[in-house]
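Chain by chain, the residues:
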Amino acid sequence: MLNKQRKVNYKMNNIQKIVTNKYLYIPFLVWLCIQIFKVIYELITTKKFNFRRIIGAGGMPSSHSAVVTTLATLLGKYEGYDTTIFAMSVVFALIVMYDAAGLRRSAGKMAQCLNRIMDDIYQHNPIDAGDKLKELLGHTPLEVFFGAITGIAIAYINFTFLV
């Protein structure tokens, strides 16, 4: 019976550690705030509520960039800027930001082009074109830049009272 109670306490302790891990919950809060901002911004500009924006990719600022730079900044701030984990997080952040502005943005442009081709084909020869490809996949370099600045600023300013 005592052994079973220890296992339960051990599991609960691990769950508590995960929930209170600043390297997890602060980047998650940053992501959530940015995605909610995008929903509100789209509501204001288009007068339409688009809940898909809460999990959708693309838009200003880049939540991908904000999350990875928040994580890297927190690791540098609390673990040290000369640590291996900070260096790894910076490399990870650079790869994510490059991907967001490069590869995923190119895929979005290709989807846009293919959608136009399918629209043109459909107008001249009615066929079932199926679902349109998702065009908003990546970010402009400016969106990535402002996402990175947002992540660094939030890690330094707004969430210092949480850690």
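The residue numbers shown here count from 1 along each chain, following its written sequence. Per-residue local features of the predicted model are confined to residues with pLDDT of at least 70, and side-chain atom pairs are confined, for both listing and counting, to 80 or more; whole-chain, interface and lining totals are unaffected and use all residues. Excluding hydrogens and water, the side-chain figures rest on all heavy atoms present in the structure.

A. Looking closely at the overall build of the chain. Each helix and strand counted, the chain has six helices and zero strands in total. Reading the secondary structure of the chain in the N-to-C direction produces α-α-α-α-α-α. Residue contacts are defined here by distance: any two heavy atoms, one from each residue, within 4.5 Å place the two residues in contact. Within the chain, counting contacts between residues at least 6 apart in sequence, those at least 24 apart form 71% of the total. Residue-level accessible areas treat just the shown protein chains as cover; the underlying method is Shrake-Rupley with a 1.4 Å probe. For the chain, the exposed surface amounts to about 11100 Å²; the carbon and sulfur share of it is 68%. Where helices and strands are cited, they refer to DSSP runs of H or I of at least four residues and of E of at least two residues respectively, numbered from the N terminus.

B. Inspection of the nonpolar core at higher detail. Think of a nonpolar core as a cluster: buried Ala, Val, Leu, Ile, Met, Phe, Trp, Tyr and Cys residues, connected wherever their side-chain atoms sit within 4.5 Å. Classification of residues uses two cut-offs on accessible area relative to the type maximum, computed with a 1.4 Å probe and protein chains only: under 20% is buried, over 50% is exposed, and between them is partly exposed. If you look at the biggest cluster of nonpolar residues, it comprises nine residues: Tyr23, Ile26, Val30, Ile34, Ala66, Leu74, Leu75, Ile154 and Ala155. At the level of secondary structure, the elements contributing two or more residues to this core comprise helix H2 (22–46), helix H3 (63–79) and helix H6 (141–158). Residue contributions to this core peak at four residues, all from H2. Excluding its chain neighbours within four sequence positions, the residues that come into contact with Tyr23 are Leu71, Leu74, Leu75, Tyr78 and Glu79. If you look at the next biggest cluster of nonpolar residues, it comprises seven residues, including Val68, Ala93, Met97 and Ala148.

C. Looking closely at the environment of Met88. Locating Met88 in the fold gives a position in helix H4 (residues 84–101). By relative accessible area, which is 52% here, Met88 ends up exposed. Taking the C-alpha atoms as reference points, Met88 and Ala72, 16 residues apart in sequence, are found 8.5 Å from one another.

In short, shape yes, function no, at least from these values alone.
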